[in-house]
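# Commentary on secondary and tertiary structure
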Amino acid sequence: MKHYLFILLASASLMTACKEKTEPKVIIAPKVETPKPTGPVVMQDLNSQNEVEWLGKFYKVVVSRKADRELPMVEVEQGRKGVDNRITLKILRPDGTEFFNRTYTKSDFSNCLDDNTQKTGVLLGIVLDRAEGDNLIFAASVGSPDALSDEYIPILLTVSRMGDVSIKRDTTMDTSASAEDEEDGV
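Everything quoted here is computed from the prediction, not taken from an experiment.

Here is what the cut-offs are and how they apply
- Residues numbered from 1 in each chain as written.
- Predicted model: local features only at pLDDT ≥ 70, side-chain atom pairs only at ≥ 80, totals over all residues.
- Heavy atoms only, no water.
- Core = buried A, V, L, I, M, F, W, Y, C linked by side-chain atoms within 4.5 Å.
- Buried < 20%, exposed > 50% of the residue type's maximum accessible area, 1.4 Å probe, protein only.
- Helix = DSSP H or I, 4+ residues; strand = E, 2+ residues; numbered from the N terminus.
- Contact = heavy atoms within 4.5 Å.
- Pairing = 2+ DSSP bridges.
- Axes fitted to C-alpha atoms, helices over the stretch in contact; angles between N-to-C directions.

### Quick notes on the nonpolar core
Residues Phe109 and Phe138 are the most contacted members of the largest nonpolar core, which totals 25 residues. Of all the secondary-structure elements, those providing two or more residues to this core are strand E1 (46-54), strand E2 (57-67), strand E5 (85-92), strand E6 (98-104), strand E7 (122-132), strand E8 (135-143) and strand E9 (152-160). In contact with Phe109, not counting residues within four places along its chain, are Tyr104, Leu123, Ile126, Ala140, Val142, Ile155, Leu157 and Ile167. One finds Met43, Val74, Val76 and Val122 within the second-largest nonpolar core, a separate group that totals six residues.

Structure representation (structure tokens):
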């Protein structure tokens, strides 16, 4: 009888345990939507000054980049727009007087650009590259305003000692890396 009572109690406890339903612990989280950027892509304004030895004297080169909402907007990606830039290049003589002062937009470089870059690119920058003989040579670029992009067209802007300007697409490869670095893949 004791065995029978024990079996009856064990069966009752098993039945009670089977009747209790445990809720599954499955958590369904909603998909996190990253907010879509609003407004156009605008590059940060930039001002720089450099000194360069040229024609036996030290000249100051001042470059100022400003986003200009009055210029035509470019199409960056999937309907998103970008604001183009104006860049002012000044070259000051050793006594501080102005030798050269000109403001550039992407249209000044249109003869160097393909159709896609005309539609989707902005004037990214102008920087002093070097003084070479009677010329100051600047590297300019037009390309995507997206900070994560490396798409751009390199351009050479040359200012002569007489203030004449020539603009052409830069077709030379960057040769600043040593041969040893190139062999190592760096």
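### Overview of the side chain of Thr158
Structurally, the position occupied by Thr158 is in strand E9. When near neighbours in sequence (up to four residues on either side) are disregarded, Thr158 contacts Asn135, Leu136, Ile137, Asp164, Val165 and Ser166.

### Examining the sheet that holds E8
Overall, antiparallel pairing links the four strands, which are arranged E7-E8-E9-E10 in an open sheet. The open sheet terminates on both sides in strands that have one partner only, identified here as E7 and strand E10 (165-169). Averaged over all pairs of adjacent strands, the angle between strand axes in this sheet comes to 25°, irrespective of strand direction.

### Here we look at the sheet that holds E6
Pairing is antiparallel in the open sheet, where four strands are placed in the order E1-E2-E5-E6. Only two strands of the sheet have a single partner each, and these edge strands are E1 and E6. The sheet shows a mean angle of 15° between the axes of neighbouring strands, direction not considered. Alignment of E5 against E6, held across six bridges, turns out to be antiparallel. Bridge pairing links Ile91 to Phe100 in E6.

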